[in-house]
Number of protein chains: 2
Amino acid sequence: MCLIMDSEDDHHNNNNNDGTDVLSPPFNFSMVEDGIYRSGLPRPDNFTFLDTLNLRSIIYLCPEPYPEENLKFLQANNIKLFQFGIEGKTDPPTPMPKDTVLDALKVLVDVRNHPILIHCKRGKHRTGCLVGCLRKVQSWCLSSVLEEYQKNAGLKWRQRDLNFIEAFDIVSLRKCLLSIMYRYHGYGFKRRRLAYEEEKVQTPKPQATKV
Amino acid sequence: MCLIMDSEDDHHNNNNNDGTDVLSPPFNFSMVEDGIYRSGLPRPDNFTFLDTLNLRSIIYLCPEPYPEENLKFLQANNIKLFQFGIEGKTDPPTPMPKDTVLDALKVLVDVRNHPILIHCKRGKHRTGCLVGCLRKVQSWCLSSVLEEYQKNAGLKWRQRDLNFIEAFDIVSLRKCLLSIMYRYHGYGFKRRRLAYEEEKVQTPKPQATKV
């Protein structure tokens, strides 16, 4: 008698030598945070991988209709689609729409939508701007926000995207309830806690102790 | 009376306009998986950010002694250091030591060490090779493994690292208990479960259902 790995995906043909599935993440895939992923547009051969993320929602940042086969995957897995149609490459370049990005950000920080995947077409500019704004909500310093944007955009990085991220005002979002929910859950803020103003005033804060 | 964010880090001076801390992740920081992070060598101004990760361990992949101030941070926060001394740039180039990477991989997949941060100096080659081997354990297809390596190494990517990752044999690790523990916990395998060989034979597998 020995312990073995039992997978529900055994019916797939795409196997390693040892019988496990080969998983193919979407182009430019990476993990942003607990419950938040980013990538380029998933193709059908990425669906087995996406399945392992147990996604609850997808934020799709292109104006084009969602591909039929992707829609079927979402329906079959009860995944909610939030589409925010932001133009990609245009001539002349159109500025990133602030209000649309803010709306997408509100969906993104709402932990009730997690696990969530953000994607556009290549996962570089539109996705990069949204993630950049999320990092500002998380209080990342600007140089780290821009470094992450550039790492994911590679040689295709755009100065106007960096300018957009830098200028994006997240103060209004920081004050909204969704942001508070997110901070309460987010990994970067595990040490934070929700409290009432009065508590803060009345009770002296205990010294930070590491468990 | 209103909900506010209360942070234990309020004593730091590095503040946003709204009073929250500015967090500075280490160079080339990103999240690999639930409980696994990667970066370049953290500097003291990254410690406030690292603190938010609640790290239990660090895998350090350089032969040089760990910096004194970093050691102090680890001691103060009860973080365990696993050092695997792998040479960086040498002339002529030395091959990546397979056995050392395998030892580091065993520490990495041991969920008892999570949350864990992997770093070398720049988070590109040594860290990239170790993460690449982890992705093979996770059954990622090779092209996605190499894409991730290249994204993090940028223009500094090395063909010999790609060759190393491709040739690295993870079969022995796949069979070991630590790997099973990791798969049982890892996000990419949430649908897998531990089972006994006999169970598999005797009980017909139920249809996969999405909750």
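Residues numbered from 1 in each chain as written. Chains lettered and ligands numbered in written order. Predicted model: local features only at pLDDT ≥ 70, side-chain atom pairs only at ≥ 80, totals over all residues. Heavy atoms only, no water.

Re the pattern of salt bridges
Point 1. For the structure on display, the rule yields eight salt bridges over all chains.
Point 2. Arg135 of chain A is the salt-bridge partner of Glu33 of chain A, the closest N and O atoms lying 2.7 Å from each other. Residue Glu33 of chain A is found in strand 2 (residues 30-33), and its partner Arg135 of chain A is found in helix 4 (residues 126-137); the two are separated by 102 residues along the sequence. Summarising the burial analysis for this pair, Glu33 of chain A and Arg135 of chain A share the class buried.
Point 3. Asp45 of chain B is the salt-bridge partner of Arg43 of chain B, the closest N and O atoms lying 2.9 Å from each other.
Point 4. We classify Arg43 of chain B as partly exposed; its relative accessible area is 44%. (Salt bridge = Lys/Arg side-chain N within 4 Å of Asp/Glu carboxyl O. Helix = DSSP H or I, 4+ residues; strand = E, 2+ residues; numbered from the N terminus. Buried < 20%, exposed > 50% of the residue type's maximum accessible area, 1.4 Å probe, protein only.)

Description of the nonpolar core
Where a protein is soluble and globular, its nonpolar side chains tend to be buried together.
Point 1. Membership of the largest hydrophobic core comes to 110 residues, with the highest contact counts inside it found for Ile59 and Leu105 of chain A together with Ile59 and Leu105 of chain B.
Point 2. The element that contributes the greatest number of residues to this core is helix 3 (residues 98-109) of chain B, accounting for seven residues.
Point 3. Beyond its immediate stretch of four places on either side in the chain, Ile59 of chain B contacts Phe82, Phe84, Ala104, Val107, Leu108, Ile116, Leu117, Ile118, His119 and Leu130 of chain B. (Core = buried A, V, L, I, M, F, W, Y, C linked by side-chain atoms within 4.5 Å. Contact = heavy atoms within 4.5 Å.)

What about the side chain of Lys136 of chain B?
Residues and elements named next belong to chain B.
Point 1. The topology assignment puts Lys136 in helix 4 (residues 126-137).
Point 2. Here Lys136 is buried and forms no salt bridge, its nearest opposite-charge partner Asp169 lying at an N-O distance of 7.1 Å.
Point 3. Only 2.8 Å separates the side chain of Lys136 from the backbone oxygen of Phe168, close enough to count as a polar contact.
Point 4. Beyond its immediate stretch of four places on either side in the chain, Lys136 contacts Ile165, Glu166, Ala167, Phe168, Ile170 and Arg174. (Lys, Arg positive; Asp, Glu negative; His and termini not counted. Polar contact = N/O pair within 3.5 Å; in protein donor to acceptor, adjacent residues only side chain to side chain.)

Just distances and angles here, no functional claims.
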